[in-house]
Amino acid sequence: MSDLPLSSSDQPKGWSPGRTLLPSGEQRARLRKWRYFKNNFSRYGVGSGGIGVVIALALIFVYLFYEVVPLLRPASVTPQTGYVIPGDVHAETYYLTMERYQELAVRFSSDGVATFFEPDSGTIRRQFTLPIPEGVTITSFTAGEPRGRLVAFGLSDGSAIVAQHAYNLTFPDDRRHIEPKLEFPLGEVPVVLDPDGRTITHLALERGSQGYIAAGLTDDGRLMLSRYTTTTSMFTGEVEVRQQSHQLPTPPGQTERLLVDSTHRSLYVADTEGRLHYYDISSPAQARIVDSQQVVAAGEQITAIDFLVGTLSLIVGGSDGSLSQWFLVRGADRVQRLAQVRSFEPHSAPITAIAPELARKGFYVGDAAGTLGIHYATSNRTLLKQQLTERPITHIGLSPVNRAMLVLDNTGQLNFLNLRNPHPEASLQALWGRVWYEGRSEPDYVWQSSGATDDFEPKFSLIPMTVGTLKAAFYAMLFAIPLAVMGAIYTAYFMQRHMRSAVKPTIEIMEALPTVILGFLAGLWLAPFIESHLPAVFSILLLLPLSMLVMGYLWMRTPATLRQRLPAGLEALLLVPVLVLVVWACIAVSPFVEVWFFSGSMRQWLTDVGITYDQRNALVVGIAMGFAVIPTIFSIAEDAIYSVPKHLTQGSLALGASTWQTLYNVVLPTASPGIFAAVMMGFGRAVGETMIVLMATGNSPVINFNIFEGMRTLSANVAVELTETAVGGTHYRILFLSALVLLILTFLVNTTAEVVRQRLRQRYSNL
Amino acid sequence: MTFKHWLKSGSPWIWLNAGAITISMIMVVGLLTLIAVRGFGHFWPSPIIETTLTDADGESITIIGEVTRSQTVAADVLRDAGLEVPENLLLVNRYLIKQGNRDVWGRDFVWYSEIGMGEWDYPRDVMRLERREWGDFYGYAVRLLANGTVVSEAVDEGFWAELQARIQRSNDLFDEIRGIERGAIGSINNALERVRLGERRLELNREAGRIDQAEYERRMADFAVQRQRLDEDYAVLQAQLDQLYVDVRRDTLVAAVADGREVEIAVGQIIRAVQPNAMVLSDKLGFYVDTLWDFFSGFPREANTEGGIFPAIFGTVAMVLIMSIIVTPFGVLAAIYLREYARQGPLLRIIRISVYNLAGVPSIVFGVFGLGFFIYFIGGAIDQQFFPAALPAPTFGTPGLMWASFTLALLTLPVVIVATEEGLSRIPSTIRQGSLALGATKSETLWKVVVPLATPAMMTGLILAIARAAGEVAPLMLVGVVKLAPTLPIDGNFPFIHLERKIMHLGFHIYDVGFQSPNAEAAQPLVYATALTLVLIIITLNLSAISIRNHLREKYRSASD
């Protein structure tokens, strides 16, 4: 230590000899503690933040799954209460149903009484007795489509009485009150069905757009058909009924059940030998049996039969427990015949009750062993099969919104059950397989998520959009791969250095170009342009590569002095005027080509030779989306080729290989995984692209690979339909499923590409 | 060298490869040129032509309008369409002429073929009126009326100046009207809505038993007083507005259309009157700047096909700003965690690849997630908890600015993480080791040495994220962007920033105006201009990101040497 005295100005304030400049031990300990704390705080803070972000990103997968999973869940029922059927226990129950709030249920029975009761307790609220004339008895019963709430009783004097259960909704004191009533749309006086006055043993009734239609079988075997139209008097409010009656050809065999559809065109007669006869009654005077089919196995009987909502399909239940769906299909000879569309998981005992849903194509089945089955037609799903009682189930009454049901067994014991059946429409078969939809002549892949009517059968096949997605990606890749990969090869390997430093960022910046701009240009500029310059498009495709080769050959023939004056790697620059000229020439000549070869319009010519041409088609999408993925492919492929270790190429060149030989035999094999990764990345981007396909195609979900037709992709479908669906509904969840499919698909593709790329990087560093 | 040799040398392949990159470059440059020419060209005053069209029977009509574009079609096609075309013609030009006057002609864009078309004149006194309704008007001014009496005839000296002065006056009045409607009346409506919600909240509180009847009535009375006062204010403003509307209806311009008919146009309907054929270059430049400014600062009119894009720019910027505030800290934290703290191993590699790959997941998937999770799940819960008074009308349980920003933040997280990680990995380990050797703790090294050095990388990531967010449309269609938002998300009414409001967005504006608009032809120039704006913003952002990145690379190259 030197003993030079410190000048006073160098000394800190308050300094005195014998004191150290260091903070005291206590302070240092505190500081250390504080620093330790900060260190830990930072560590855990960053840790939790980072993990949080990773979890948030993982949440995307989890949440999409969470929304999709309910699609696969089966239905469930929970028994609430059970009691003896309200009303006269000894009378036969004809029909059971509920209103939409599940506050009231109604039972129609053979004593001509409609009993309204509370389904959760069985307490009777109101009872109505039908105005049946003296001395006449009820001999048959039928119910129309459940959503029409119509029932009809056939009487022993050849007449029928039609009733409708209805509900008045009021809100006294802000509380809902439902008052049941019974209406008689054809008047309280029974309408005549058989003018001869014979007993009606079987009855069918349906309301249509023009009125009511009833079919009845008399005890002497005559099949009668009547149409009723009503006019309500403006002043008195009285209903006047007009009637047209016809006698139809007698059905063969012993009739079991009559059914008539709501278009008033078809009458079905089921007989006791398991056959179903179809009458065409569109003109009742000429009505006849058009087709008869054995609808259950030979020797078995039809034990239950009913329409699905819309009255297009029939569900047939057999004594062997079989369940099948039938509807009319127009054959090659333009005659409609009954066809078995599908059969459902059979029950082990005879089917005793079928109750169709009111707004969907599902139905509920009870069998003689007391098993309840919930099935859905379109998706061919069995959502539930559960033993409810030991006794045969005779009737099922369903809430219109599918939230509750009543199940009656043959001892008169009534069970009230809560029901959960939110997504019966989706199944693997319905989403990814061919489905035979109502009214179509064969099974098909169709996406049609909503329709104009209530009884519309939603068609949820994801195949059209998947094919559309692949089609769009395919044409985009067809356009992008040659341009991007070959461009990358040239840029990385041949191009002059200065030019490369300008070209590469220019192409790469295009990756950030909003696709909405590409889509808008494709839809509003490119599509009309291509339509009016079709010959130009094809001649450009053909002539551009040719002109490159010609230019190359001519360049080779130019005097060597000129060639050597220019540095190597400027071929691309030399080609600019040539290519621009060729493109311009093609466009200029295009109208003449159209006039000379295609009588004025190539588009019209294409239509004439039978090729459908949409203005916004796969060609437009291919070019626009190809343009969008070129930067992705180019950038990664260029990197892969450029970073091939230089000593490899130099070695090859030193051994006397030409540049092309070096490229082809050394560079490309080394870089090929990188190029593969680039193509995968490009494909991933093309698959998920939304705006371009939304704007540059017609968005019609058709299945074909015609380059002149449009398509709808999964992503565009989600963008178009998701905001218009009911939250939590089947359609909503299916759209989530398509998003999930997209996510998984692109994730797999990208991961493959990323892994390949990382391997490649490893390899380069080892070389 | 013979042809055969040339083929074998591989040279043709080199030329083909060169051709590929040339085509790509031509496409890129061509695309940008197309957008730039159409976008910038939209504001330039194009000349108005006047010509006659004589049909086969000798009947002739006069056409006044702007030539939008021309097309060459085969004569046969026109013959098929029923037009009489001379036999010797092979090809015919036709012109799409914007003849405006939608209220008079019904159609404002019409194709005319060159057959029977006379010479094109460019009369100096033909004018174009930009109107608030019915699109542009083309024709000749005849006279100016004020309250039905003639003020000036077109032949008079100073007529044009008089017209311009009166248009200026009516525009000023309109500004005043809009000021009142958007400003004062807007805040009164806002206050009324708050009163309504307050009353509803009181009612809910009373039903739940949180306040007693007396308290309820006292506070209800307060609200009644407030409502009363607001209604009075409103009545005053309404009277003021009525007077302004009367004022604005004072003047009328009588003008003649192409066929000589005279029509009356309220001066209050006119935004701008120009005679492009009489303009000299300086006039045109002035007009250009003027219309360009109106485009950026104005509100859209006529179902977005005319007017400006200010709300769309504002919405885009607001959304991107909020997104940046969310994405930066989380992205940086995640990157630091992955690079500095997490234990490196196979699990981390999987996580890292997954995070990187999310950048390649289709954006619509994020939109679906945003709609389902943010809006219906979280937003629904927020509404139940904090905004029960507004129910059943959703507050946050519906698409809006906040959810759009959140969705985009999630979408751009991988971008920020990747860029930041790259920045962190570029920092030479010598710097880190130096800091640790001097006794700094890990967190001190991190926050005082490493992170500041990596800031440019984070900036790069953020800029790239912003560029991506600004151009993204598909997810926004689901989570909060609408074609026409009545109010801006930020205004003078409490609480000033309205995160629950729906916004307009440049990208969606392009989609909507280009594809959903009833008058696609009229909307096209505007779409190009909007597209140009968006492209410029995004290219600028990307270029700055690239320059920051290059700068950064240079910096560390010298540091690690």
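Rules behind the numbers
- Sequence order as written defines the numbering, with residues in each chain counted from 1.
- Each chain takes a letter, starting from A, and each ligand takes a number, starting from 1, following the order in which they are written.
- In view of the model being predicted, local features appear only for residues whose pLDDT reaches at least 70, and side-chain atom pairs are presented and counted only at 80 or more, with totals across whole chains, interfaces and linings using the full set of residues.
- Side-chain measures here rest on the full set of heavy atoms in the structure, leaving out hydrogens and waters.
- We call a residue buried when its accessible area falls under 20% of the maximum for its residue type, exposed when it is over 50%, and partly exposed in between, using a 1.4 Å probe and counting protein chains only.
- Labels follow the DSSP assignment, with helices taken as runs of H or I lasting at least four residues and strands as runs of E lasting at least two, numbered in each case from the N terminus.
- DSSP calls a pair of strands paired once it identifies at least 2 bridges connecting them.
- Expected helix span is given by 1.5 Å per residue-to-residue step, counting one fewer step than there are residues.
- For a residue, the bend is simply the angle between two axes, fitted respectively to the seven-residue segment ending there and the seven-residue segment starting there.
- By the criterion applied in these results, polar contacts are pairs of N or O atoms within 3.5 Å in which, for protein atoms, one can donate a hydrogen and the other can accept it, and in which residues neighboring in sequence qualify only through two side-chain atoms.
- The source of the domain bounds is an automatic or database domain assignment.
- By definition in these notes, contact holds between two residues if any of their heavy atoms fall within 4.5 Å.
- The term buried area denotes the loss of accessible surface (1.4 Å probe radius) that occurs when two parts are joined, taken as the sum for both partners.
- Any carboxyl oxygen of Asp or Glu within 4 Å of a side-chain nitrogen of Lys or Arg constitutes a salt bridge here.
- Polar here means any residue other than Ala, Val, Leu, Ile, Met, Phe, Trp, Tyr, Cys and Pro, which are nonpolar, and Asp, Glu, Lys and Arg, which are charged; Gly is therefore polar.

Time to look at the pairing of strand 2 (residues 93-98) of chain A. All names here are of chain A. Counting buried positions along strand 2 gives 6 out of 6 residues, so the element sits mostly inside the fold. Where strand 2 meets strand 3 (residues 105-109), 5 bridges bridge the pair, whose relative direction is antiparallel. From the neighbouring strand, Thr97 faces strand 3, where its bridge partner is Val106. Where strand 2 hands over to strand 3, the hairpin turn is made up of 6 residues, of which Gln102 adopts a positive phi near 55°.

Here we come to helix 10 (residues 618-642) of chain A. Residue and element names in this part refer to chain A. Between the first and last C-alpha of helix 10 there are 33 Å, a value that for 25 residues agrees with the 36 Å anticipated at 1.5 Å per step. Of all the bends in helix 10, the largest measures some 35° and sits at Val629, one to four residues before the proline Pro631. Burial analysis of helix 10 places 23 of its 25 residues in the buried class, the great majority of the element. A distance of 3.1 Å separates the backbone nitrogen of Leu619 from a side-chain oxygen at the start of helix 10, and that oxygen is part of Asn617.

This part takes up the domain arrangement of chain A. Size of an interface: often given as the accessible area lost when the parts come together. Residue and element names in this part refer to chain A. Domain annotation for chain A reports domain 1 (78-91 + 301-440), domain 2 (130-294) and domain 3 (463-531 + 615-763). Relative to domain 2, the C-alpha centre of domain 1 lies at a distance of 23 Å. Each partner contributes to the interface: domain 1 provides 17 residues, whereas domain 2 provides 23 residues. Buried surface at the junction of domain 1 and domain 2, both sides included, amounts to about 1800 Å², of which 68% is carbon and sulfur.

Facing the 94 residues of chain B at the interface are 100 residues of chain A. Summing both sides of the interface, chain B and chain A together bury roughly 8500 Å²; the carbon and sulfur share of this comes to 82%. Our count for the contact surface shared by chain B and chain A stands at 1 salt bridge. The shortest N-O distance in the salt bridge between A:Arg35 and B:Glu444 comes to 2.9 Å. Here chain B and chain A share 9 residue pairs in polar contact (both at pLDDT 80 or more) between them. A total of 22 residues in the side of chain B that touches chain A trace back to one element, the largest contributor, which is helix 2 (residues 11-41) of chain B. Of the residues contributing to the side of chain B that touches chain A, the split by class is 67 nonpolar, 21 polar and 6 charged.

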